[in-house]
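Chain and residue survey
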Amino acid sequence: MNDSSSDYLHDLYIICVDPDDEGIDFDGDIPKEIRALIEREDERHAQPLKEEVVSINLKDENDPRMVQVGSTLSPEEHRDFKELLTEYSDVFAWSHRDMPGIDPEIVEHRIPLLPDAKPVKQKLRRMRPDWVQKI
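**Thoughts on the overall build of the chain**
A tally of helices and strands in the chain yields 5 helices and 2 strands. Sequence-ordered secondary structure for the chain, helices as α and strands as β, is α-α-β-β-α-α-α. In the chain, which comprises 135 residues, the proportion classed as buried is 8%. Counting only contacts in the chain whose residues sit at least 6 apart along the sequence, the fraction spanning at least 24 positions is 17%. When the accessible surface of the chain is totalled, it reaches about 13000 Å², and 54% of it is carbon and sulfur.

Given below as structure tokens:
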């Protein structure tokens, strides 16, 4: 290596930190570029929906048409939104029967089997407990 590349590598260092670890002071000797990358790391991951939702029935109890709206709406917004959804409820497809132009092959599921094949029960596959919580 030449001298200029060795000077560059001499100043290069890697710091492994867990951004969820509250015991780490990010304002220490971590370069600002790395600190910015760590702070943006959470933005790259999908965040769970934190807003609570309220279910609204747009029809009656015999033929329910349920939708969910955010619970943070004001009472006026909630009322107006429900009226709007009820007025235009015929626009939504509630089942595949509401879409007559769609080929039923799209919504039907078939498992191709040999006519004389016998079903075989497979053994139970267990997963790690921490994975089960994520699923």
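**Brief notes about the nonpolar core**
The biggest cluster of nonpolar side chains holds 5 residues, and these are Ile56, Leu58, Val67, Val69 and Leu85. With sequence-adjacent residues up to four places away left out, Ile56 is seen in contact with Arg65, Met66, Val67, Val69, His78 and Lys82.

**Some points on the environment of Lys82**
Inspection of the secondary structure puts Lys82 in helix H3 (residues 75-87). For the pair formed by Lys82 and Val67, sequence separation is 15 residues and the distance between their alpha carbons is 9.4 Å. When sequence neighbours within four positions are dropped, the list of residues in contact with Lys82 reads Ile56, Asn57 and Leu58.

**Looking at the pattern of salt bridges**
Inspection of the entire model under this criterion finds 6 salt bridges. For the salt bridge of Asp63 with Arg65, the shortest nitrogen-to-oxygen distance reads 3.3 Å. For Asp130, the salt bridge is made with Arg128, and the minimal N-O distance between the two is 3.0 Å. Of the residues examined, Asp130 reaches a relative accessible area of 33% and is grouped as partly exposed. Among the charged side chains, a network of salt bridges with common partners joins Lys59, Asp63 and Arg65.

**Re the confidence of the model for the chain**
Put simply, the chain has an average pLDDT of 76, and 73% of its residues get 70 or more. Averaged pLDDT values over the elements of the chain bottom out at 49 in helix H1 (residues 3-11) and peak at 91 in H3.

**Comments concerning the side chain of Asn57**
Inspection of the secondary structure puts Asn57 in strand S1 (residues 53-57). Note on Asn57: relative accessible area 17%, which makes it buried. A distance of 3.2 Å separates a polar side-chain atom of Asn57 from the backbone oxygen of Asp60. At 3.0 Å, the side chain of Asn57 and the backbone nitrogen of Arg65 are in polar contact. When sequence neighbours within four positions are dropped, the list of residues in contact with Asn57 reads Pro64, Arg65, Met66 and Lys82.

Here is what the cut-offs are and how they apply
Residues numbered from 1 in each chain as written. Predicted model: local features only at pLDDT ≥ 70, side-chain atom pairs only at ≥ 80, totals over all residues. Heavy atoms only, no water. Helix = DSSP H or I, 4+ residues; strand = E, 2+ residues; numbered from the N terminus. Buried < 20%, exposed > 50% of the residue type's maximum accessible area, 1.4 Å probe, protein only. Contact = heavy atoms within 4.5 Å. Areas by Shrake-Rupley, 256 points an atom, 1.4 Å probe, with all protein chains shown as cover. Core = buried A, V, L, I, M, F, W, Y, C linked by side-chain atoms within 4.5 Å. Salt bridge = Lys/Arg side-chain N within 4 Å of Asp/Glu carboxyl O. pLDDT = per-residue confidence, 0-100. Polar contact = N/O pair within 3.5 Å; in protein donor to acceptor, adjacent residues only side chain to side chain.

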